[in-house]
Amino acid sequence: MPPTPAEAAELELETDYCPVDSDHDEPITYKSVDSVAGQHPHSTLRVTLVQLLIALGTSLSMLSPGMALGFSAVALPTLDELGIPGKVEPFDENTASWFASISNIATPVGCLASAWTLERLGRKWTLVLLNVPCVLGWVLLASAGSLWQLFAGRVGTGLAVGLASAVTNVYMAEVVQPHMRGLLLCWNSISIALGILIVYVLGSAFPWQVAAWSGAAAATVALLVSLALPESPAWLVGRGRRSQAERSLAALRGGAGPNVRVEFDELLRAQQGKPDSQGWRNLSKALRTPQFWKPLLILNVFFFFQQASGVYVVIFYAVDVVQEAGVTMDKYLATVLIGVARLVATAGVSVAMSRCGRRPLAIVSGLGMAACMLALAGHLQFAEGAASWVPATAVLGYILTSTLGLLTLPWVMVGELFPADLRGVGGGLTTCNAYLIGFVVLKAYPAMRHALSAAGLFLVYGLVALLSAAFTLLWLPETAGKTLAQVEQNFARRRATPRPPLAI
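This is a predicted model, so every value here is computed, not measured. (Residues numbered from 1 in each chain as written. Predicted model: local features only at pLDDT ≥ 70, side-chain atom pairs only at ≥ 80, totals over all residues. Heavy atoms only, no water.)

Next up on the list: the overall build of the protein chain. Looking only at helices and strands, the protein chain has 23 helices and zero strands in total. Across the protein chain, the fraction of contacts at a sequence separation of at least 24, relative to all contacts at a separation of at least 6, is 83%. For the protein chain, the exposed surface amounts to about 20800 Å²; the carbon and sulfur share of it is 67%. (Helix = DSSP H or I, 4+ residues; strand = E, 2+ residues; numbered from the N terminus. Contact = heavy atoms within 4.5 Å. Areas by Shrake-Rupley, 256 points an atom, 1.4 Å probe, with all protein chains shown as cover.)

This is how it looks when you write it as structure tokens:
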């Protein structure tokens, strides 16, 4: 009797599969792989634990950049009052705004550099590379005795933020399984939130130089951990290095076995038929495909709403924003509470994203941010001093709801929407544009505050957040539970598939 379909599939898995690896002249054999699988049975728990460790190691590279994002908030008040270390001249408002925003000039350069390093050097070595300017930047800041050292240190840490912005999410999206992707991609955001909180706490209790030395130590640890991470199998397959790709996939899944072989075959099938994107002519052709330009457009608009809604203004100017909002508690204590709220909310998002999906969270986030900012603007304009709890509640609500979606989701989706062979280019270009917008928003904050008043500025942020909810409802795709290949195929279709109903 002929075998049933299920038996045939099982026989196919047991058959020695010998693709030719471009790294070697000999075909790959699987005797050693099968013997390893026999000694270490494929375990769901083992696979999960390995992916958790990989995610933890990857997210460490975002801890020090997260500290860099929050550093200006704790350093600026001291610099405003005492001036440059060892100098008598104080910071003026213009110098302070440059100190806060100059890292956002360097960050796009890091983003563009990552577009090249991600494709040429690989995901792993980009993770290693990003920690080098981070260490140097923090050392310059910690030992600064002049204005040029302060600015050079901010440029170094800004470069690291740019290099980290795409690679951590791209790498994580490629190495974890689809059902864990939403949870683990948020670990990068949790690491950023933890870094911001650490620098807020250290800056409130110690001189800001202590926070700078701590940032250098965190970047050094991340560099060493990155050296131990395996390379992305998807990147290796795209470079024709198939034997290395399978070994890397086996390491990421806790050992070789039938399930690893099936997943590896899926990687090979996803790569088959794709035009080679190496070389400028082929790259130009690949960039014109809907799989690339559609997510590029969607993500750039999404990032515009993120930056223009003021979420990073609250991070970089946390102490000033607390004072402008009329919060009466100690400004440093309020800043630390902001950091705690952001960390807790980000941890909650990592769980909610797997259960609710991306779109419902983004819509709730935009509406919540709009409500908080509009309430704060109305209070400052019409009822200032009437109820002291309103500003604190509005700022806290804004922090929580922004973290729920608009602050975290664009970064998560950078690693999900672009096709594998263009993920580095797309991620680099998108994050570069995001930080350019962010630089403009941050540099303009003092001028807008004077021109519009605090109430007018918060009103603008609230309206932008409201528009982001409308954009999400109309255009943002859902990626929860889908493989990266399925996301790519959806963009390749002429007609978009119907969006699933929102299950909030």
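Moving on, we come to the pattern of salt bridges. With the rule as written, the count across this model stands at five salt bridges. Across the salt bridge formed by Arg123 and Glu119, the nearest N and O atoms sit 3.6 Å from each other. Across the pair, Glu119 and Arg123 agree in class, each one buried. Across the salt bridge formed by Glu119 and Arg239, the nearest N and O atoms sit 3.2 Å from each other. Taken together, the residues span a long stretch of sequence, with Glu119 in helix α6 (residues 103-120) and Arg239 in the loop between α11 (233-238) and α12 (242-252) at a distance of 120 residues. Its relative accessible area of 9% is what places Glu119 among the buried residues. (Salt bridge = Lys/Arg side-chain N within 4 Å of Asp/Glu carboxyl O. Buried < 20%, exposed > 50% of the residue type's maximum accessible area, 1.4 Å probe, protein only.)

Okay, the packing of helix α21 (residues 409-417) against helix α22 (residues 423-475) next. Helix-helix packing is described using two parameters, namely the angle between the two axes and the distance between the axes. Interhelical geometry of α21 versus α22 gives an angle of 155° and a closest axis separation of 9 Å. As judged from the angle between their axes, α21 and α22 are roughly antiparallel. When you trace α21 past α22, the crossing you get is right-handed. Contacts between α21 and α22 pair Trp411, Val414 and Gly415 from the former with Arg423, Gly427, Thr430, Thr431 and Tyr435 from the latter. Split by residue class, the contact of α21 with α22 holds three nonpolar, four polar and one charged. (Axes fitted to C-alpha atoms, helices over the stretch in contact; angles between N-to-C directions. Parallel < 35°, antiparallel > 145°, perpendicular 65-115°, else oblique. Left-handed = near helix turned anticlockwise from the far one by under 90°. Nonpolar A, V, L, I, M, F, W, Y, C, P; charged D, E, K, R; others polar.)

Here we take up helix α23 (residues 484-492). For α23, the full list of buried residues reads Leu484, Val487, Glu488, Asn490 and Phe491. Buried residues of α23, viewed axially, fall in a sector of 155°; they line one side. (Arc of directions from axis to C-beta.)

Tracing the backbone through its elements, the reader meets Glu231 in the loop between α10 (208-227) and α11. No salt bridge is formed by the buried Glu231, whose closest oppositely charged neighbour, Arg123, lies at an N-O distance of 5.5 Å. If we ignore the near neighbours within four places in the chain, the residues touching Glu231 are Leu121, Gly122, Arg123, Lys124, Trp125, Tyr171, Leu236, Ser248 and Leu252. (Lys, Arg positive; Asp, Glu negative; His and termini not counted.)

So, on to the side chain of Arg154. Topologically, Arg154 is positioned in helix α8 (residues 147-175). Classification of Arg154 as buried rests on a relative accessible area of 0%.

A cluster of nonpolar side chains, contributed by Trp116, Leu121, Trp125, Leu129, Val132, Leu136, Leu224 and Leu227, occupies part of the molecular surface with about 770 Å² of accessible area. Elements with a contribution of two residues or more to the nonpolar patch: α7 (123-142) and α10. No other element matches the four residues that α7 contributes to the nonpolar patch. Summarising the element assignment, Leu136 is placed in helix α7. (Patch = residues over 30% accessible without salt bridge, like charges linked within 9 Å, V, L, I, M, F, W, Y side chains within 5 Å.)

Along the chain, Trp98 turns up in helix α5 (residues 93-101). In the structure, Trp98 is positioned 344 residues away from Leu442 in sequence and 9.2 Å away in space, judged by C-alpha atoms. Setting aside anything within four residues of it in sequence, one finds Trp98 in contact with Ile105, Phe151, Phe439 and Lys443.

Grouped together as the largest cluster of nonpolar side chains are 124 residues, with contacts concentrated most on Phe71, Phe99, Trp138 and Phe458. At 16 residues, α22 tops the list of elements feeding residues into this core. Not counting chain neighbours up to four residues away, the residues in contact with Phe71 comprise Phe99, Trp138, Leu141, Arg154, Val199, Trp208, Ala211 and Ala212. Counting residues in hydrophobic clusters, the runner-up holds nine residues, among them Trp235, Leu236, Ala245 and Leu268. (Core = buried A, V, L, I, M, F, W, Y, C linked by side-chain atoms within 4.5 Å.)

The subject of this paragraph is the packing of helix α3 (residues 44-59) against α8. Taken N-terminus to C-terminus, the directions of α3 and α8 make an angle of 170°; their axes are 10 Å apart at the nearest point. As far as their axial angle goes, α8 and α3 are roughly antiparallel. Contact with α3, carried on its side by Gln51, Ile54, Ala55 and Thr58, involves Thr168, Tyr171, Met172 and Val175 of α8 and no other residues of that element. Of the residues contributing to the contact of α3 with α8, the split by class is five nonpolar, three polar and no charged.

Scanning the model with the defined rule gives nine aromatic pairs in all. An angle of 80° between the planes, with centres 5.8 Å apart, marks the rings of Phe71 and Trp208 as edge-to-face. Of this pair, Phe71 sits in helix α4 (residues 63-82) while Trp208 sits in helix α10, placing them 137 residues apart in sequence. With relative accessibility at 4%, the residue Trp208 sits in the buried group. Between Trp411 and Tyr435, the ring centres sit 5.5 Å apart and the planes meet at 35°, which makes this aromatic pair tilted. One end of the pair, Trp411, is in helix α21; the other, Tyr435, is in helix α22, with 24 residues separating them in the sequence. Assessed through its relative accessible area of 7%, Trp411 is described here as buried. The structure contains a cluster of three or more aromatic residues connected by ring pairs, namely Phe71, Phe99, Trp138 and Trp208. Looking at Arg154, its charged tip hangs above the ring of Phe99, at a distance of 5.1 Å from the centre. (Phe/Tyr/Trp six-rings, centres within 6.5 Å; stacked < 30°, edge-to-face > 60°. Lys NZ or Arg CZ within 6 Å of the ring centre and 35° of its normal.)

This paragraph deals with the environment of Ala362. Tracing the sequence through the fold places Ala362 in helix α19 (residues 358-382). Sequence separation between Ala362 and Thr408 is 46 residues, and the spatial gap between their C-alpha atoms is 9.3 Å. Contact partners of Ala362, with chain neighbours within four places excluded, come to Phe302, Leu409, Thr472 and Leu476.

Any region with low pLDDT has predicted coordinates that should not be read closely. Looking at the protein chain, pLDDT values average 78 and 80% of them are 70 or higher. Contacts of residues 1-42 to residues separated by more than four positions or lying in other chains number 48 contacts, the stretch itself having pLDDT below 50. (pLDDT = per-residue confidence, 0-100.)

With that out of the way, let us pick up the environment of Ala219. Structurally, Ala219 is set in helix α10. Overall, Ala219 belongs to the buried group, its relative accessible area being 0%. Sequence separation between Ala219 and Leu130 is 89 residues; the distance between their C-alpha atoms is 9.0 Å. Excluding residues that lie within four positions of it along the chain, Ala219 makes contacts with Ser64, Asn131, Cys134 and Val135.

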